[in-house]
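Coordinate inspection notes
Below are the chains, spelled out letter by letter.
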Amino acid sequence: MSDTAGNGAVLVVGGGISGLTAALEAAEVGNDVYIIDKNPYFGGRVAQLNQYFPKLCPPTCGLEINFKRVKDNRKVRTYTMTTVTSVSGGPGNYEVTLETAPRYVNSNCTACGDCAEVCTDEIDNAFNFGMNKTKAIYLPHEMAFPRRFVLDKDACSADCLEAIKGACKYNAIDTEMQAKTFTVNVGSIVWATGWDPYDAGKLDNLKPESSPAIITNMMMERMAADNGPTGGKILRPGDDKEIESIAFVQCAGSRDENHLEFCSYICCMATFKQMTYVRERYPEAKIYVFYIDLRTPGKYEKFREKLMNDENSEFIKGKVADIIAEDDGGVTMVAENAVTGAKVHQKVDMCVLATGMQPALGDQGKALGVNMDGNGFVVSEPDKGMIAAGCAKSAADVYTSAQSATAAALKAIQIGR
Amino acid sequence: MSMNVQPDINFIKDMKEAGGDTLKKCFQCATCSVVCPLSSDDNPFPRREMIFAQWGLKDKLIGDPNVFLCHQCGDCSAYCPRGAKPGDVLGAIRAYSYKHFGWPAGLANLASSGKNLPILIAIPAVIIFIFWLISGGMHFPSTEEFVHAGYGHFFGHWNFGLLAKNVLFIDILMLSAAGVAVYSVFKGVTALWKKMAENAGVGEALYKPSIPQFVKEFLWPSVVEIVQHDRFRECKTNADRVRGHLPLMWAFMALAFVTAYSAFAQDVLGIFIPSLHGPMSLWNPVKIVANVAAIALVVGTGILWGNRSQMEADGLASKTFYDWFLIWMIMGVGVTGIGAELFRLIGLVSIGYVTYFLHLVAVMMLFLYMPYTKFAHIVYRTAAMAFERYRDSAYVKNPLNEE
């Protein structure tokens, strides 16, 4: 496959649901598209979810069709483990330098898994937020696209590397692989760089390090997922207790000028959704939701109504501002109930911090000449062929992200025609 | 539940002027009530006070003990997700309360605004100047006389009946200023207590504590707590303030003792033993206490000064006249007091006399404006702490005590 393209080519930075959508929309009307992702796989945050809105589908549902469209479309060129190092030129004629980090596994890989069998070294499983281990040579997750293993060379001993090489029947392991820099010429760039879960460690008053019973909503997604670290069971990390009570801490870092100034849009809905995960597994468990306001835009209001009628659930208007780790492994939430005007000390088996969306592009975006607002979201400049899509543009759900990605594609293809 | 909200617009305007202009940013998440180390489980603050202030519910706030239980630790403002600075808002409500309960109202209003600073200085300055003028003592003494009598001849030096003239003049000035202040603050604190009882729904109790019972069970434990700075030490964000406030408080107590002793020795005993008039020896134990206290006063105030500047620079506190006026006044008293003593010791007559004049002005300001400025907290906060104990006591809580 060639690295050159015709006029009006589009670079899509980020291969999550927004990037995939933008890339396909642009490619399917005939434009050449490069799509890159810094991860060794496409699918982004959606791939990590157990279910996603609006229909509570598993991620395979939306991602597989998109992967198939990408594979079938000769206009789309895909690059994983790839980042942008510089952008020059102007609208219609950008020259972008990209760098692909070494995967140490070449395209001969058939994902047979023989290498992982013999691999003796393990690393934290980043896909599962470190809740379990994976072999140092691994398939990032079951439906990873591209379906190819990746090697964490630094985590492997020399013996282990030898064993891995020896186990591969296809000569796919290349431990001498180097980072590769290359340039592409494109008319416009779609920034679909997505988001990272806000670092819960920064919420010092909630002391998330003080107890393994304090998890984040994204960890909850992995736990609830069949392909997650607990095989879909919701168990308290640390002692694997089946929970009898759980608390959700809304606005954990969002709507807070000390952390993320903005409302992350999805956390209230994520909590309602995760209430259903808990309910399916533990019909009797007590659920406590601590909130400032519950924001359930549009038709999601129905979903809120349904869950607020749950008999074993309590909604407390008051932000949790202190969490106390208890000796029995549980945690006590401290908040003031603004309706009754008294403080609440609620002990639960486990609590979920509904952390928000931190725009993932960060300071690097500014260095590349991307226009960003004070919160780190990308501000589209369609005239300049710099267009934001999905959560890089604003905190949004999957449905809204796909919409904005389609819109971004429409703007991108108008440059350099 | 319905609530008839009738906001007092002027109250909100006053809030803004006194450094509470951030109050409208509050979105009632209640983080503040939890991170506040002084907030109790049954009566948490300052979240509730924030919405009362937003709604202009002045009536609820002026009778709210929580407003005075707040020590402005700053933890609430540090963790506030909106920059609403609840600590500053409660400070502004306190400033408003002192003005509201202050008598006479004209003086209370005057003392609440930085625009009036020249007048606030001029009032005692002019009064003392006129007294100095009519006393006939308005001339600089010889160096010999200065060494011998110190400032004892400031208002002249002949005896007026049995009382030294100087003593009489000082008493007329300071006792009347203090008298007005004591009357005013007593009136204010009584009104505050009534309002607190009314707002807390403390009705007519069948059993009321007698005065000794009240002192023993509610007032004295509060005073002990204050002297030990127990609550102040709970503060996290502004914990450093204890290092300034503690020496300052002890200095005040020591200086009150020294002044009382000096007044007794000069005004009463001095009638019979004239040698008690004039400056004390530097090695007199009372003088040593006085000098140590004076230094503690200046150092303590200096620490608070630096602390507040730092808080303002860090955006943790707003700059308000209400906070600074007290710091300036106390610093003024300390610096002019030590200055006057030093000039006396090295025999600089004219500079010494002028410094002493300024010292009298500063002391009179402190006395006179005590009920309306931040200084009033020593009375109002003590009352609120006693009320908090009273509210939770069997006198109020015991159902047998209800009609």
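This structure is a prediction, so every number in the text was calculated from the model and none was measured.

Regarding its fold elements, chain A presents 10 helices and 22 strands. Relative to a compact globule of 417 residues, whose C-alpha radius of gyration would be 22 Å, chain A shows 22 Å and is just as compact. A principal-axis box enclosing the C-alpha atoms of chain A has dimensions of 65 × 55 × 35 Å. Burial analysis of chain A (417 residues in total) assigns 49% to the buried set. Partitioning the intrachain contacts of chain A with sequence separation of at least 6 by distance along the chain shows that 69% fall at a separation of at least 24.

Turning our attention to the sheet that holds strand 1 (residues 10–13) of chain A. Residue and element names in this part refer to chain A. Ordered by their spatial adjacency, five strands build an open sheet running 3-2-1-11-22, and the pairing between neighbours is parallel. Looking at strand neighbours, the two that pair on one side only are strand 3 (76–79) and strand 22 (386–388), the edges of this open sheet. Each strand of the sheet is rotated relative to its neighbour by a mean of 20 degrees, with strand direction disregarded. Inspection of the sheet shows strand 2 (residues 33–36) paired to strand 3 by four bridges, in the parallel sense. Counted as the bridge partner of Ile 35 is Thr 78 from strand 3. Across the sheet, helix 1 (residues 17–28) lies against strand 1, strand 2, strand 3 and strand 11 (188–191), angled at about 170 degrees from strand 2, the strand it touches most.

Residue and element names in this part refer to chain A. Here chain A is partitioned into domain 1 (10–101 + 179–194 + 360–412), domain 2 (114–167) and domain 3 (198–356). Put simply, the middle of domain 1 and the middle of domain 3, counted by C-alpha atoms, are 31 Å apart. For the side of domain 1 that touches domain 3, a count of residues per class yields five nonpolar, four polar and one charged.

This next bit is on the packing of helix 1 (residues 9–20) of chain B against helix 7 (residues 86–101) of chain B. All names here are of chain B. Following both chains from N to C, one finds helix 1 and helix 7 inclined at 115 degrees, their axes separated by 8 Å at the closest point. Here the hand of the crossing between helix 1 and helix 7 comes out right-handed. Within the contact between the two elements, helix 1 uses Asp 14, Met 15, Ala 18, Gly 19 and Gly 20 and helix 7 uses Asp 88, Val 89, Gly 91, Ala 92, Ile 93, Ala 95 and Tyr 96. For the contact of helix 1 with helix 7, the class distribution of residues is seven nonpolar, three polar and two charged.

Before going further, it helps to spend a moment on the sheet that holds strand 20 (residues 350–355) of chain A. Residues and elements named next belong to chain A. The five strands lie next to each other as 13-20-14-15-16, forming an open sheet whose pairing is parallel. The strands lining the two open edges of the sheet, one partner per strand, are strand 13 (214–216) and strand 16 (313–317). Strand after strand, the sheet turns through a mean of 20 degrees between neighbouring axes, direction not considered. For strand 13 and strand 20, the ladder comprises three bridges, and the chain directions are parallel. Note on strand 20: the bridge partner recorded for Ile 215 is Val 352.

Attention shifts here to the domain arrangement of chain B. Residue and element names in this part refer to chain B. In terms of domain boundaries, chain B breaks down into domain 1 (9–101) and domain 2 (105–391). Its C-alpha centre places domain 1 at a distance of 28 Å from the equivalent point of domain 2. Contacts between the two partners involve 26 residues from domain 1, matched on the other side by 35 residues from domain 2. Of all the secondary-structure elements, those providing two or more residues to the side of domain 1 that touches domain 2 are helix 1, helix 4 (58–62), helix 5 (65–69), helix 6 (75–79) and helix 7. Here the side of domain 1 that touches domain 2 gets eight residues from one element, more than from any other, and that element is helix 7. For the side of domain 1 that touches domain 2, the class distribution of residues is 12 nonpolar, seven polar and seven charged.

This part covers the nonpolar core. The biggest cluster of nonpolar side chains holds 231 residues, and the ones touching the most others in it are Val12(A), Val190(A), Trp191(A), Phe290(A), Met333(A) and Cys351(A). The element contributing the most residues to this core is helix 16 (residues 349–369) of chain B, with 13 residues. In this view, Cys351(A) contacts Ala213(A), Ile214(A), Ile246(A), Ala247(A), Val249(A), Ile323(A), Val331(A) and Met333(A); residues no more than four positions away in its chain are not counted.

Within helix 3 (residues 47–54) of chain B, six of the eight residues are buried, leaving the element largely enclosed by the surrounding structure. Considered for burial, the residues of helix 3 of chain B that qualify are Arg47(B), Arg48(B), Glu49(B), Met50(B), Phe52(B) and Ala53(B). Elements that come into contact with the buried residues of helix 3 of chain B comprise strand 18 (331–337) of chain A together with helix 1, helix 2 (31–35), helix 4, helix 5 and helix 7 of chain B. One or two steps after helix 3 of chain B, the chain reaches Gly56(B), where phi turns positive at roughly 70 degrees.

Residues and elements named next belong to chain B. Of note, Glu 225 is situated in helix 12 (residues 211–228). By C-beta crowding, Glu 225 is classed as partly exposed, having 15 other C-beta atoms within 10 Å. Residues within four places of Glu 225 in sequence aside, it is in contact with Asp 230, Arg 231 and Met 385.

Residues and elements named next belong to chain B. Running from N to C, helix 13 (residues 241–272) and helix 14 (residues 285–313) point in directions that differ by 150 degrees, and their axes come no closer than 7 Å. Considering their axes alone, helix 13 and helix 14 lie roughly antiparallel with respect to each other. Where helix 13 crosses over helix 14, the handedness of that crossing is left-handed. Where helix 13 abuts helix 14, its residues Arg 241, Arg 243, Gly 244, His 245, Pro 247, Leu 248, Trp 250, Ala 251, Ala 254, Leu 255, Val 258 and Tyr 261 lie against Val 286, Val 289, Ala 290, Ala 293, Ala 296, Leu 297, Val 299, Gly 300, Thr 301, Ile 303, Leu 304 and Asn 307. Looking at side-chain class alone, the contact of helix 13 with helix 14 contains 17 nonpolar, five polar and two charged residues.

Moving on, we come to the environment of Val33(A). Residue and element names in this part refer to chain A. Along the polypeptide, Val 33 turns up in strand 2. For Val 33 and Lys 75, which are 42 residues apart along the polypeptide, the C-alpha to C-alpha distance reads 6.0 Å. Those residues within four positions of Val 33 in sequence are excluded, and the remaining contacts are Ala 9, Val 10, Val 12, Ala 23, Ala 26, Ala 27, Lys 75 and Val 76.

A few words now on the pairing of strand 11 of chain A. Residues and elements named next belong to chain A. Here strand 11 shows two buried faces, one formed by Ser 188 and Val 190 and the other by Ile 189 and Trp 191. Bridge count for strand 1 against strand 11 is four bridges, and the pairing is parallel. Counterpart to Val 13 in the pairing with strand 11 is Trp 191. Here strand 11 pairs with strand 22 via three bridges, running parallel. From the neighbouring strand, Ile 189 faces strand 22, where its bridge partner is Met 386.

Scoring rules and cut-offs
Residues numbered from 1 in each chain as written. Chains lettered and ligands numbered in written order. Predicted model: local features only at pLDDT ≥ 70, side-chain atom pairs only at ≥ 80, totals over all residues. Helix = DSSP H or I, 4+ residues; strand = E, 2+ residues; numbered from the N terminus. Rg over C-alpha atoms; globule rule 2.2 N^0.38 Å. Buried ≥ 20, exposed ≤ 12 C-beta atoms within 10 Å, placed from the backbone. Contact = placed C-beta atoms within 7 Å. Pairing = 2+ DSSP bridges. Axes fitted to C-alpha atoms, helices over the stretch in contact; angles between N-to-C directions. Domains from an automatic or database assignment. Nonpolar A, V, L, I, M, F, W, Y, C, P; charged D, E, K, R; others polar. Left-handed = near helix turned anticlockwise from the far one by under 90°. Core = buried A, V, L, I, M, F, W, Y, C linked by C-beta atoms within 7 Å. Parallel < 35°, antiparallel > 145°, perpendicular 65-115°, else oblique.

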